[in-house]
Amino acid sequence: MCKKGMVINMGKTINVTFWNEFRHEKINDAVKALYPDGIHAYVKSFLETNDDIKVTLASLDDPDQGLPDEVLNNTDVLLWWGHMHHGEVDDALVERIRQRVYVNGMGFVPLHSAHHSKPFKAIIGTTGNLCWGAEVKEFIWNIMPSHPIAAGVPDHFELETEEIYAEPFQIPAPDEFIFNGWYASGHVFRSGCCWRRGAGKIFYFQPGHETCPSFHNPIVQRIITNAVYWAAPADMGFNYDAGCPYVNPIV
């Protein structure tokens, strides 16, 4: 049977590691109210409702910055959230991550302000610079509904409040441009982009400012879950089931 309309379960487990800076949740009451155990723990809670996904949590203040060899080398998909302390991430760790993507096919899913993380910039090869602003309403448009990451996603959805991220976004042209954000301020942003680097796959997804409840949104959760399946190494045997089509309604 097709699991949640996304993939055939081939009897393997995707080992996901969610690396989170995990500083805001300790010092900012508003962030702690949304994510009392950390953004990474909250995302783990919905990812692990899928029997074939296992999530390990890692953070900047853990030994070896959360990613010793035994963790990183057992990671199929690495999710990353960082914001104010990108510079503290060790350059040797960044290179190990890049090699895992390029050589070993590890998937990499940077979220929100991870556009400025060292691993993202090292993997895609540009600065990741963008414009940003206040928290306003955002509409995210599904412009590539045939893509596996867009499975089960309507033609658009609304986030009541999210930090403005705006063009120009200094990234290489995406291999696949899946979601486009439009803000009540009039700004636009390429909010969901895919690349392939070496043997690995990368999906950048824009929602997720620490003081906004974006990770509580069920469509955001669906997209992140889809991204984990899509980014898993090809040799794991997770294949999308042509017998489980999704037709986006026009609304």
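Structure's up top.
These remarks concern the structure in this document. Everything numeric here is computed off the predicted structure, so don't read it as measured data.

Quick look at the packing of helix α3 (residues 39-47) against helix α7 (residues 218-231)
(1) Moving on: In contact at an axis separation of 10 Å, α3 and α7 are set at 75° when each is read in the N-to-C sense. Looking at the two axes, α3 sits roughly perpendicular to α7. Residue-level contacts link Y42, V43, F46 and L47 of α3 to Q221, I224, T225 and V228 of α7.
(2) Moving on: Taken together, the residues of the contact of α3 with α7 break down into 6 nonpolar, 2 polar and no charged.

Observations concerning the side chain of S59
(1) Moving on: Within the element layout of this structure, S59 appears in strand β3 (residues 53-59).
(2) Moving on: What S59 contacts, discounting residues up to four positions off in sequence, is W19, N20, E21, F22, Q65 and G66.

Details of unusual backbone geometry
(1) Moving on: In this structure, the amide linkage connecting E167 to the following residue, P168, adopts the cis form with an omega of 5°.
(2) Moving on: Here P168 lies in the loop between β7 (156-166) and β8 (176-183).
(3) Moving on: Phi angles above zero are rare outside glycine, and Q65 is one such case at about 55°.
(4) Moving on: For Q65, the position within the fold is in the loop between β3 and α4 (69-72).
(5) Moving on: Residue classification places Q65 among the buried positions, given a relative accessible area of 17%.
(6) Moving on: Backbone geometry places H112, a non-glycine residue, at a positive phi of 50°.
(7) Moving on: Within the element layout of this structure, H112 appears in the loop between β5 (107-110) and α6 (118-124).
(8) Moving on: On the basis of relative accessibility, which here comes to 0%, the residue H112 falls in the buried class.

Comments concerning the packing of aromatic side chains
(1) Moving on: In the structure shown here, the tally under the stated rule is 13 aromatic pairs.
(2) Moving on: When the centroid spacing of 5.8 Å and the interplanar angle of 65° are considered together, the rings of F120 and W195 count as edge-to-face. Of the two residues, F120 is situated in helix α6 and W195 in strand β9 (residues 188-197); the sequence distance between them amounts to 75 residues.
(3) Moving on: For W195, a relative accessible area of 0% corresponds to the buried category.

Comments concerning a nonpolar patch on the surface
(1) Moving on: Together, W141, I143, W182 and V188 line one region of the surface with nonpolar side chains, adding up to about 360 Å² of accessible area.
(2) Moving on: Along the chain, the position of V188 falls in strand β9.

Some words on the pattern of salt bridges
(1) Moving on: This structure, assessed with the given rule, holds 10 salt bridges.
(2) Moving on: The shortest N-O distance in the salt bridge between E88 and R23 comes to 3.0 Å. Taken together, the residues span a long stretch of sequence, with E88 in the loop between β4 (77-81) and α5 (91-102) and R23 in the loop between β2 (14-20) and α1 (24-27) at a distance of 65 residues.
(3) Moving on: We note a salt bridge from D69 to R96, for which the minimum N-O separation is 2.8 Å. Note that D69 is positioned in helix α4 and R96 in helix α5, a separation of 27 residues in sequence.

What counts as what
- Residues numbered from 1 in each chain as written.
- Predicted model: local features only at pLDDT ≥ 70, side-chain atom pairs only at ≥ 80, totals over all residues.
- Heavy atoms only, no water.
- Axes fitted to C-alpha atoms, helices over the stretch in contact; angles between N-to-C directions.
- Helix = DSSP H or I, 4+ residues; strand = E, 2+ residues; numbered from the N terminus.
- Parallel < 35°, antiparallel > 145°, perpendicular 65-115°, else oblique.
- Contact = heavy atoms within 4.5 Å.
- Nonpolar A, V, L, I, M, F, W, Y, C, P; charged D, E, K, R; others polar.
- Buried < 20%, exposed > 50% of the residue type's maximum accessible area, 1.4 Å probe, protein only.
- Phe/Tyr/Trp six-rings, centres within 6.5 Å; stacked < 30°, edge-to-face > 60°.
- Patch = residues over 30% accessible without salt bridge, like charges linked within 9 Å, V, L, I, M, F, W, Y side chains within 5 Å.
- Areas by Shrake-Rupley, 256 points an atom, 1.4 Å probe, with all protein chains shown as cover.
- Salt bridge = Lys/Arg side-chain N within 4 Å of Asp/Glu carboxyl O.

Geometric values such as these leave the question of function open.
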